[in-house]
Amino acid sequence: MNSANSIKFLYAAYIATWLIHALYLGSLVRRYGRLRQQMKDLRK
Amino acid sequence: MKRLFPILAVLTALLLTYALYQALVVAPTERTMGDVQRIFYYHVPSAWTAFLLFFVNLVASVVYLVWRNPKADALAVVAAEVGVIFCTVVLVTGPIWARPVWGIWWTWDVRLTTTLVLWLIYVSYLVLRRFSDSSQTPKLAAVLAIFGALDVPLVYFSIWFFRTQHPQPVIGGGGSIDPRMLHVLLINWLAFSCFAVLVCWWRYRLERLQREVEEAQALESLLGPGGVPSQSARVKAPLGRGPQ
Amino acid sequence: MKSFWSITLATLSKDIRLEWRSKDALNAMLFFSLLVVVIFSFSFDPNAEESRQIAGGLVWVAFLFSAVVALNQTWARELRNQVLDAYRVSPAPANSLFIAKAMGNFLLVSLLEALMAPLFTIFYNLRVLGPGWQLIPVAVLGTWALVVNGTFFAAVSLRTRSREIMLPLLLFPISIPAIQSMVEATRIILTGDGSARFWIVLLLTYDVVFTTACLGLFETVLQAE
């Protein structure tokens, strides 16, 4: 496979890595939001 | 402690950027594989980090079983979850690297297969934690972690022997490494380790918050919203972690 | 030590008697195993040489799925009659209960294998080219490997939602080295290509490691329910 084509795989790998981490961190943010809301409801 | 977190986050982001620059620009181009080989600087540190996190989970699980320390259990969950994330990165970047270089997406070689089995074991660990309603879930999960740890050497050994009988290309290559490449590899490993520590820290705070909320919910159903014991609560008071 | 084994055998013989009287689980599993063999035969139609190569994999996957059906009902009777609570407060060692259950499952799954093996031989026209007697230790060690962990994880899964799917979900990843050993050993014995000794030794190691782990941790799991 020539190197011009295989660069695509390099970028795909780096982007995939950060995509996976971003999705996970995003899910953590959402869970934080939900828990803070639950805490607020309990304190009422 | 709380103000330390944003500072460390910024430092880690800078370190990751520097490591990325090192990987893409500074590191020398590999002779046979070309620039695609640079995936190596993300693939390998992710693997080391994942294995380290799984080891942390094992230690925390054993500590929990012996001393019943709830903080150890929280750490076990955190390490398992973040470990699975990093392991997923390894399993995704591996085939992306293999395809252009060796022409195949996957091979049942020792390292990839052992990584896959570790991923399967820890996903099953997380599923057990999610699906188990009992207040004893931490104990059961800790037991599973020990079983997983006993299994991994057997997995590695069995595939290693299988490969000596049926040799195939080894993804990731063996042999010695150029010192300049090793330098870049270690920088990326440091950056990803700092990133992992931060994510674990954040996830740990989330876990503590979750447990506080659950305790507060349990207390509320026990005492009623005004702090007065309610009739129905005496019947339905959950013990520890009730079904969610 | 003597009372440990007498309790174990008493539990085991009770289970066998109960099962033999109703034959519920046994009949269901027998029919399920037959179906699995037939479905696999439709899916894969190899010639004689290919048969010997892949039969190991086919046979053990079929046994694995039939074993899961058997394992899922391991603790069903105990749950229905609150027997586990009784065990928790009795002075009887938890491990005698575990060994009895594991041995009961071992006998049940071995019976299934003994009935399915001839069917497989017929459907795939199998002829053993290597030392056929070696299939016995492979079957014994392999079945124990699946059953010992299966009985253990069946207990772990008791308090989970979707209990029946939780068992294979936990069992399969941990069983991978055992399954690979069984499959490879069977393939080598059937094709006569090399020695299966390494795989049999690995199976034995697996059995020793995990039997010890199950015996060491079962008390924890029993108390956890």
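Residues numbered from 1 in each chain as written. Chains lettered and ligands numbered in written order. Predicted model: local features only at pLDDT ≥ 70, side-chain atom pairs only at ≥ 80, totals over all residues. Heavy atoms only, no water.

Engineer: Help me understand the overall build of chain C in this model?
Structural biologist: Looking only at helices and strands, chain C features nine helices and zero strands. In chain C, the succession of α and β elements from N to C terminus is α-α-α-α-α-α-α-α-α. The C-alpha atoms of chain C give 18 Å as radius of gyration, which agrees with the globular expectation for 225 residues (17 Å, within 12%). In terms of overall dimensions, chain C has C-alpha extents of about 55 × 35 × 30 Å along its principal axes. A buried classification covers 52% of the 225 residues belonging to chain C. Long-range contacts, defined here as pairs at least 24 residues apart, represent 83% of the contacts in chain C between residues at least 6 apart. Per element, the accessible surface of chain C, about 10000 Å² overall, is 68% carbon and sulfur. Counting 16 positive and 15 negative side-chain charges, chain C places the averaged centre of each group 8 Å from the other. (Helix = DSSP H or I, 4+ residues; strand = E, 2+ residues; numbered from the N terminus. Rg over C-alpha atoms; globule rule 2.2 N^0.38 Å. Buried < 20%, exposed > 50% of the residue type's maximum accessible area, 1.4 Å probe, protein only. Contact = heavy atoms within 4.5 Å. Areas by Shrake-Rupley, 256 points an atom, 1.4 Å probe, with all protein chains shown as cover. Lys, Arg positive; Asp, Glu negative; His and termini not counted. Charge placed at Lys NZ, Arg CZ, Asp CG, Glu CD.)

Engineer: It is not clear to me how the side chain of Thr137 of chain B should be interpreted in this structure. Could you clarify?
Structural biologist: Turning to its location among the elements, Thr137 of chain B is positioned in helix α5 (residues 137–165). If sequence neighbours within four positions are ignored, Thr137 of chain B has contacts with Leu128, Arg129 and Ser132 of chain B.

Engineer: Would you take a moment to explain the interface of chain C and chain B for this structure?
Structural biologist: It is common to give the size of an interface as the accessible area that goes away when the parts come together. Contact with chain C, which involves 32 residues of that partner, is made by 31 residues of chain B. Carbon and sulfur atoms supply 78% of the area buried between chain C and chain B, which totals about 2800 Å² over both sides. Contact with chain B buries surface across chain C, with Arg161, Phe198 and Ala224 of chain C losing the most and accounting together for 19% of the total. Run the count over chain C and chain B and you get zero salt bridges. Joining chain C to chain B, the criterion identifies three residue pairs in polar contact (both at pLDDT 80 or more). Looking at the side of chain C that touches chain B, the elements with two or more residues in it are α7 (135–156), α8 (163–191) and α9 (197–223) of chain C. In terms of residue count, the dominant contributor to the side of chain C that touches chain B is α9 of chain C (twelve residues). Split into classes, the residues belonging to the side of chain C that touches chain B amount to 21 nonpolar, six polar and five charged. (Buried area = accessible area lost by both parts, 1.4 Å probe. Salt bridge = Lys/Arg side-chain N within 4 Å of Asp/Glu carboxyl O. Polar contact = N/O pair within 3.5 Å; in protein donor to acceptor, adjacent residues only side chain to side chain. Nonpolar A, V, L, I, M, F, W, Y, C, P; charged D, E, K, R; others polar.)

Engineer: I keep staring at the packing of helix α3 (residues 70–102) of chain B against helix α6 (residues 179–223) of chain B and nothing clicks. Help me out?
Structural biologist: Between two packed helices, the angle of one axis relative to the other and the distance separating the axes together describe the packing. Residues and elements named next belong to chain B. Here α3 crosses α6 at 130 degrees, and the two axes come no closer than 9 Å. With respect to their mutual orientation, α3 and α6 come out oblique. Crossing angle aside, the handedness with which α3 passes α6 is right-handed. Of α6, the residues touching α3 (which contributes Pro70, Lys71, Asp73, Ala74, Leu75, Val77, Val78, Glu81, Val82 and Phe86) are Phe192, Phe195, Ala196, Val199, Cys200, Arg203, Tyr204, Glu207 and Arg211. Split into classes, the residues belonging to the contact of α3 with α6 amount to 13 nonpolar, no polar and six charged. (Axes fitted to C-alpha atoms, helices over the stretch in contact; angles between N-to-C directions. Parallel < 35°, antiparallel > 145°, perpendicular 65-115°, else oblique. Left-handed = near helix turned anticlockwise from the far one by under 90°.)

Engineer: Looking at this model, I keep getting lost on the packing of aromatic side chains. Mind explaining?
Structural biologist: Any two aromatic rings considered together are summarised by their centre-to-centre distance and by the angle between their planes. Tallied over the entire structure, the rule returns 35 aromatic pairs over all chains. Between the aromatic rings of Phe5 of chain B and Trp201 of chain B, the centroid separation amounts to 5.3 Å while the plane-to-plane angle is 85 degrees, which identifies the pairing as edge-to-face. Of this pair, Phe5 of chain B sits in helix α1 (residues 4–26) while Trp201 of chain B is found in helix α6, placing the two residues 196 residues apart along the sequence. By the ring-pair criterion, three or more aromatic residues cluster together here, those being Phe147 of chain B together with Trp75, Phe98, Phe152, Phe153, Tyr206, Phe210 and Phe218 of chain C. Directly above the aromatic system of Phe5 of chain B lies the positively charged group of Arg205 of chain B, at a separation of 5.3 Å from the ring centroid. Against the face of Trp75 of chain C rests Lys101 of chain C, its NZ or CZ located 5.8 Å from the ring centre. (Phe/Tyr/Trp six-rings, centres within 6.5 Å; stacked < 30°, edge-to-face > 60°. Lys NZ or Arg CZ within 6 Å of the ring centre and 35° of its normal.)

Engineer: Can you help me understand a nonpolar patch on the surface in this one?
Structural biologist: Taken together, the side chains of Tyr11 and Ile15 of chain A together with Tyr18, Tyr21, Leu24, Val25 and Val26 of chain B make up a nonpolar region of the molecular surface, amounting to roughly 690 Å² of accessible area. At the level of secondary structure, the elements contributing two or more residues to the nonpolar patch comprise α1 (3–43) of chain A together with α1 of chain B. With five residues, α1 of chain B is the largest single contributor of residues to the nonpolar patch. Tracing the sequence through the fold places Tyr21 of chain B in helix α1. (Patch = residues over 30% accessible without salt bridge, like charges linked within 9 Å, V, L, I, M, F, W, Y side chains within 5 Å.)

Engineer: Looking at this structure, how should I read the interface of chain A and chain B?
Structural biologist: Each partner contributes residues to the interface: chain A has 24 residues there, and chain B has 36 residues. Between chain A and chain B, roughly 3000 Å² of surface is buried when both sides are summed, and carbon and sulfur atoms account for 79% of that area. The largest share of the area that chain A buries against chain B comes from Tyr14, Tyr24 and Tyr32 of chain A, three residues that together contribute 23% of it. Counting across the interface, chain A meets chain B through one salt bridge. Salt-bridge contacts for Arg31 of chain A lead to Glu81 of chain B; the nearest nitrogen and oxygen are separated by 3.7 Å. Where chain A touches chain B, the interface holds five residue pairs in polar contact (both at pLDDT 80 or more).

Engineer: What should I look at first to understand the nonpolar core in this one?
Structural biologist: The nonpolar side chains of a soluble globular protein tend to be buried, and buried together. Ranked by internal contacts, the top residues of the largest apolar core, which has 147 residues, are Tyr41 and Phe147 of chain B together with Phe152 and Phe153 of chain C. Ranked by the residues each element gives to this core, the list is headed by α6 of chain B, at 14 residues. Beyond its immediate stretch of four places on either side in the chain, Phe152 of chain C contacts Val143 and Phe147 of chain B together with Phe98, Cys214, Leu217, Phe218 and Val221 of chain C. (Core = buried A, V, L, I, M, F, W, Y, C linked by side-chain atoms within 4.5 Å.)

Engineer: Just checking my understanding: could you explain helix α2 (residues 24–43) of chain C for this structure?
Structural biologist: Residue and element names in this part refer to chain C. Between its terminal C-alpha atoms α2 stretches 29 Å, which fits the 28 Å expected from 20 residues at 1.5 Å a residue. Of the residues making up α2, those classed as buried are Ala25, Leu26, Met29, Ser33, Val36, Val37, Phe40 and Ser41. Buried residues of α2, seen end-on, are gathered within an arc of 135 degrees and therefore sit on one face of the element. In α2, the exposed positions angled more than 90 degrees off the buried face are occupied by Asp24, Phe31, Ile39 and Phe42. (Expected span 1.5 Å × (residues − 1). Arc of directions from axis to C-beta.)

Engineer: Honestly, the pattern of salt bridges in this entry has me stumped. Any pointers?
Structural biologist: Side-chain pairs of opposite charge can arise whenever the charged atoms involved come near each other. The final tally for this structure, using the stated rule, is twelve salt bridges over all chains. Between Arg187 of chain C and Asp193 of chain C there is a salt bridge; the shortest N-O distance is 3.9 Å. Given a relative accessible area of 10%, Arg187 of chain C falls into the buried group. Three or more residues are tied together by salt bridges with common partners; here these are Arg31 of chain A together with Asp73, Glu81, Arg129, Arg203, Glu207 and Arg211 of chain B.

Engineer: I tried to follow the side chain of Thr8 of chain C on my own but got confused; where do I start?
Structural biologist: Checked against the element boundaries, Thr8 of chain C lands in helix α1 (residues 2–22). Among the polar contacts listed, one links the side chain of Thr8 of chain C to the backbone oxygen of Phe4 of chain C, at a separation of 2.7 Å.

By themselves, these are just geometric observations and shouldn't be taken as functional.
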